[in-house]
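Chain residues, written in single-letter form:
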Amino acid sequence: MEQFWSGSAINENKGMVDNLQRYGVITSKKVAEVMETIDRALFVPGGLQPYVDSPMPIGYNATISAPHMHASCLQLLEKNLQPGMRALDVGSGTGYLTACFALMVGPEGRAIGVEHIPELVSFSTENIKKSAAAQPLKDGSLSVHIGDGRQGWPEFAPYDAIHVGAAAPEIPQPLIDQLKPGGRMVIPVGNIFQDLKVVDKNSDGSISIRTETSVRYVPLTSREAQLRGQ
Ligand code: SAH
């Protein structure tokens, strides 16, 4: 819900990342590197300002999250996005974060996007093809699937990292089930007032949950309800 800068002064992806570092949002070198490598402009619909620190509409009552939210989520998940690990991006929208995940987990890992609007799956696939994550998409270490993300994506479970890009009224059990012991999920929970929750599955399978910050995301809901605008 914060905004660290506005206006159109930032006209380069590098400038956006520099700003996120200047404002103390990005402290990780790896996250800065990945966000520099994946040009956000390739994922934001034409005519909008891709480097402003604000969510932008992407159609279908959805938005691409603000750069500072993408950065925060990447940092919260960084230890679970090491080379060779598996990451699930629920509500992958534009594909931006799925692309970042693919670079972090590398060719031996897997980055899976699940999105329930077929047109956004096509949009994200086209975006990824133009980006520095084109090769992982080609190799199959990155894939985006049409589906109800509340069910996760069992095919490649369990996951080291799960990111949910839409707010759930409560944490869907299948997502907890698909988390590896030692795995971490970042998920906005709530209706109008939402908390970004960090869910850790401990090595004994027990769950620890903490609140990171207050956020405002579009709902994790059915396709019909989303298209009706509810
Ligand atoms: N991380 C994405 C966020 C897009 S907004 C980005 O920054 O581009 C949230 C996305 O969740 C939307 O694309 C919406 O269509 C999707 N979504 C909402 N409910 C869903 C569900 N049940 N299953 C799959 N995707 C869902």
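Look up a bit, the structure's there.
The text that follows walks through the structure, step by step, so that each part is easy to find. Source: prediction; values computed, not measured. (Residues numbered from 1 in each chain as written. Predicted model: local features only at pLDDT ≥ 70, side-chain atom pairs only at ≥ 80, totals over all residues. Heavy atoms only, no water.)

## Topic: helix H2 (residues 29-37)
Next up, step 1: Inspection of H2 places Val-31, Ala-32, Val-34 and Met-35 among the buried residues, and these make up the whole buried set. The arc enclosing the buried residues of H2, seen along the axis, measures out at 165 degrees, which places them on a common side.
Next up, step 2: Packing partners of the buried residues in H2 comprise helix H1 (13-22), helix H3 (67-77) and helix H4 (96-105).
Next up, step 3: Measuring from the side-chain oxygen of the N-cap residue of H2 to the backbone nitrogen of Lys-30 gives 3.3 Å; that N-cap residue is Ser-28. (Buried < 20%, exposed > 50% of the residue type's maximum accessible area, 1.4 Å probe, protein only. Helix = DSSP H or I, 4+ residues; strand = E, 2+ residues; numbered from the N terminus. Arc of directions from axis to C-beta. Contact = heavy atoms within 4.5 Å. Polar contact = N/O pair within 3.5 Å; in protein donor to acceptor, adjacent residues only side chain to side chain.)

## Points about the packing of H3 against H4
Next up, step 1: Running from N to C, H3 and H4 point in directions that differ by 35 degrees, and their axes come no closer than 11 Å. The hand of the H3/H4 crossing is right-handed. The segment H3 lies against H4, with His-70, Leu-74 and Leu-77 engaging Tyr-96, Leu-97, Cys-100, Phe-101 and Met-104.
Next up, step 2: Residues belonging to the contact of H3 with H4 are distributed by class as follows: seven nonpolar, one polar and no charged. (Axes fitted to C-alpha atoms, helices over the stretch in contact; angles between N-to-C directions. Left-handed = near helix turned anticlockwise from the far one by under 90°. Nonpolar A, V, L, I, M, F, W, Y, C, P; charged D, E, K, R; others polar.)

## Notes on unusual backbone geometry
Next up, step 1: Of the consecutive residues Ala-157 and Pro-158, the connecting peptide bond is found in the cis state with omega at 0 degrees.
Next up, step 2: Among the secondary structure elements, Pro-158 is positioned in the loop between strand S5 (142-146) and strand S6 (159-164).
Next up, step 3: Phi at Tyr-60 is positive, roughly 60 degrees, even though this residue is not glycine.
Next up, step 4: Examined against the element boundaries, Tyr-60 turns out to sit in the loop between strand S1 (56-59) and strand S2 (62-64).
Next up, step 5: You will see that Asn-61, though not glycine, has its phi angle at about 60 degrees, which is positive.
Next up, step 6: Its location among the elements puts Asn-61 in the loop between S1 and S2.

## Here's the deal with the sheet that holds strand S9 (residues 207-215)
Next up, step 1: The strand order S5-S4-S3-S6-S7-S8-S9 describes an open sheet built from seven strands, whose pairing is mixed. Every interior strand has two partners, whereas the edge strands, S5 and S9, have only one. Strand-to-strand twist across the sheet, computed as the mean angle between neighbouring axes with direction ignored, equals 15 degrees.
Next up, step 2: Pairing of strand S8 (residues 194-201) with S9, which is carried by eight bridges, proceeds in the antiparallel orientation. Its bridge partner lying in S9, Gln-194 is registered against Val-215.
Next up, step 3: On top of the sheet, H4 reaches strand S3 (86-90), strand S4 (110-115), S5 and S6; it is set at about 165 degrees to S4, its chief contact. (Pairing = 2+ DSSP bridges.)

## Description of H1
Next up, step 1: For H1, the full list of buried residues reads Asn-13, Gly-15, Met-16, Val-17, Asn-19 and Leu-20.
Next up, step 2: Tucked inside the fold, the buried residues of H1 contact H2, H3 and H4.
Next up, step 3: Looking one or two residues beyond H1, the residue adopting positive phi is Gly-24, at roughly 80 degrees.

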